[in-house]
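Below, each chain spelled out in residue letters.
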Amino acid sequence: MTPRPGTALRPTARGIVVLVLALLCWVFSDLTRVMPARYLAAGLLLALLIGAIGIAVSSIGLHARRQVIDDAAPVGSVARVQLELLGTPPLTVLPLGRGAVREHLPTALGGQGDLPLTRRMPHVLRVRHRGAHELGPYSLIVRDVFGLFHLRRTVEDGLRITGLPVITELAPGAERATGIAQAGPLSAVAAPGVGEIGPIARPYAAGDDIRRINWRASARTGQLMTREDEPSAGHSAVIVLDTTRRGEASPEVEDRLVSHAATVLESLGLNGWEVRILDASGDEITRTGRRRGIPGPSPLGSEADAVEQRASLMALADVDFDDDEVATIGVGIDHAAGHTALAIALGPDHGEPFAGLELDRFAGRSTHRTAIALAPVLADEETEQPRRARRIGPADGDDFGNAHEGHAEQLAAARQASLPTRSSLGAWTLVRGTTADTLDDLLTATDAADES
């Protein structure tokens, strides 16, 4: 149970036993005139007094501050956290007791864990699931040298860490199979970046080449105008996430689908596409323009690309698979925008992939249409909180490496047992696989008829 913010001081079970034993010895010595019993009672009471003074002095100036260094990290990686004591509490100078910091973390960040109480306590938390995760409160726990009194000071700071989708690199063969990589000028020419110019008049900005000022437009508008490239038509793509609520949702499938969407988004941007990502109801999750930092040496364009990529990943991290199925049937609305040339749909495989979702209304006039359906391959792990807090170390536990290797071996075995297959779903190419399959395996899957 997570404690409430505030300070609580109480005797421990050992302290209660010592107090009761001291009283019994004192009463026994009064009744029997046995002086050693009185000496024992006095010693026990003295220990209680020393423990009480120690815990009282330890509580002076005992305040901490927690900072999140990495407020967002890809799923499976670590986020750095700094926790430090403010000032110089007496506990860090005098041997008044033993202390620890207990972080009441959610399961997505590893669950409850302890840190040895020192002045600076840098540590890392491994992000296990996508989405925004509140760190929860943390407690400063101190016991006196005899273990007779227990002080807990709980602080709630409202910090959070966001688990981002994982972006991988698509192989050239997978890009060609999906239509992402195209030969010709569209895939080779980068969109204009900040301070770059082209044939369309726009207001002058600092960094523009003065040789490309459009003097006619400047005279007509009364302000300096430069020329900017017109974006090419017919080079836009749409990614559809089937966020319909159907049966029991598997976090493993949802996280993998969103990561695949982020990977496709990254690959499309690198190949010069303008991309929109939509959910099952047609609402826009995020959109990106053609990359400004490619093919080359524009540092300003690269910075703009990084900002745009982070915004898209943050938007994808908040995607929920909870749209009503009724809202996706018979709506009759065309969600394709402009000259959409490529469409990719991603959704869970519950036996009938994309059932009730009219994919064609998202695709417009797309000539390349690929739908990917994933089924879970590993059973959901139990999220039961451990009875004892784990030890948080610089690498968030010494046993993670072995657990990670075991998980990778399970995925490799599942990948060998069931290969992805390719078939048709109307005008779409349907690829069915599992969460163990890589995106390259899915996009280059063979036809189901060929395997049989």
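Read on for an overview of the structure. (Residues numbered from 1 in each chain as written. Predicted model: local features only at pLDDT ≥ 70, side-chain atom pairs only at ≥ 80, totals over all residues. Heavy atoms only, no water.)

### A few points about helix H2 (residues 35-58)
Helix length check: H2 (24 residues) gives 34 Å between terminal C-alpha atoms against 34 Å at 1.5 Å per residue, within 8%. Here H2 has its buried residues at Ala37, Ala41, Leu44, Ala47, Leu48, Gly51, Gly54, Ile55 and Ser58. (Helix = DSSP H or I, 4+ residues; strand = E, 2+ residues; numbered from the N terminus. Expected span 1.5 Å × (residues − 1). Buried < 20%, exposed > 50% of the residue type's maximum accessible area, 1.4 Å probe, protein only.)

### Observations regarding the nonpolar core
Counting residues in hydrophobic clusters, the biggest one holds 36 residues, and the most contacted among them are Ile239, Leu241 and Leu268. Every element with two or more residues in this core is listed here: strand S14 (236-241), helix H6 (251-270), strand S15 (274-278), helix H7 (299-317), strand S17 (340-348), strand S18 (368-375) and helix H10 (439-443). Tallying contributions element by element places H6 first for this core, with eight residues. Setting aside chain neighbours within four positions, we find Leu268 in contact with Ile180, Ala237, Ile239, Trp273, Val275 and Leu342. (Core = buried A, V, L, I, M, F, W, Y, C linked by side-chain atoms within 4.5 Å. Contact = heavy atoms within 4.5 Å.)

### Quick notes on the packing of aromatic side chains
If you walk through the whole model with that rule in mind, you get zero aromatic pairs. When the ring centre of Trp26 is taken as origin, the NZ or CZ atom of Arg38, which lies over that ring, is 4.9 Å away. (Phe/Tyr/Trp six-rings, centres within 6.5 Å; stacked < 30°, edge-to-face > 60°. Lys NZ or Arg CZ within 6 Å of the ring centre and 35° of its normal.)

### Let's talk about a positive patch on the surface
Among the surface-exposed residues, Arg10, Arg14, Arg98 and Arg143 lie close enough to one another that they form a single positively charged patch. Position of Arg10 relative to the elements: it lies in strand S1 (residues 6-11). (Patch = residues over 30% accessible without salt bridge, like charges linked within 9 Å, V, L, I, M, F, W, Y side chains within 5 Å. Areas by Shrake-Rupley, 256 points an atom, 1.4 Å probe, with all protein chains shown as cover. Salt bridge = Lys/Arg side-chain N within 4 Å of Asp/Glu carboxyl O. Lys, Arg positive; Asp, Glu negative; His and termini not counted. Charge placed at Lys NZ, Arg CZ, Asp CG, Glu CD.)

### What to know about the sheet that holds strand S2 (residues 64-68)
Sheet architecture is open: three strands sit in the order S2-S4-S7, paired in antiparallel fashion. Strands at the two margins of the open sheet, each flanked by one partner only, are S2 and strand S7 (123-126). Averaged over all pairs of adjacent strands, the angle between strand axes in this sheet comes to 30 degrees, irrespective of strand direction. Relative to S7, strand S4 (residues 78-85) is paired through four bridges, and the arrangement is antiparallel. (Pairing = 2+ DSSP bridges. Axes fitted to C-alpha atoms, helices over the stretch in contact; angles between N-to-C directions.)

### Some details on the environment of His350
Of note, His350 is situated in the loop between S17 and helix H8 (360-363). Judged by relative accessible area, which is 44%, His350 ranks as partly exposed. Taking C-alpha positions, His350 is 8.5 Å from Leu374, a pair spaced 24 residues apart along the chain.

### With respect to the pattern of salt bridges
Throughout the structure, instances matching the rule amount to 14 salt bridges. Note that Arg310 is salt-bridged to Asp71, the shortest N-O span being 3.2 Å. Of this pair, Arg310 sits in helix H7 while Asp71 sits in the loop between S2 and strand S3 (72-74), and the two are 239 residues apart along the sequence. The partner of Arg287 in a salt bridge is Glu284, with the nearest N and O atoms 2.9 Å apart. Connected through shared salt-bridge partners, Arg65, Glu84 and Arg120 make up one network.

### Observations concerning the sheet that holds strand S8 (residues 131-134)
Through backbone hydrogen bonds, the strands of a sheet pair up, either in parallel or in antiparallel fashion. Read from one edge of the open sheet, three strands run S3-S11-S8, paired in mixed fashion. Each having just a single partner strand, S3 and S8 make up the two edges of the open sheet. With direction set aside, neighbouring strand axes in the sheet form an average angle of 30 degrees. The pairing of S8 with strand S11 (residues 160-164) spans four bridges and is classified as antiparallel. Residue Glu134 lies in a different strand from S11, and its bridge partner there is Arg160.

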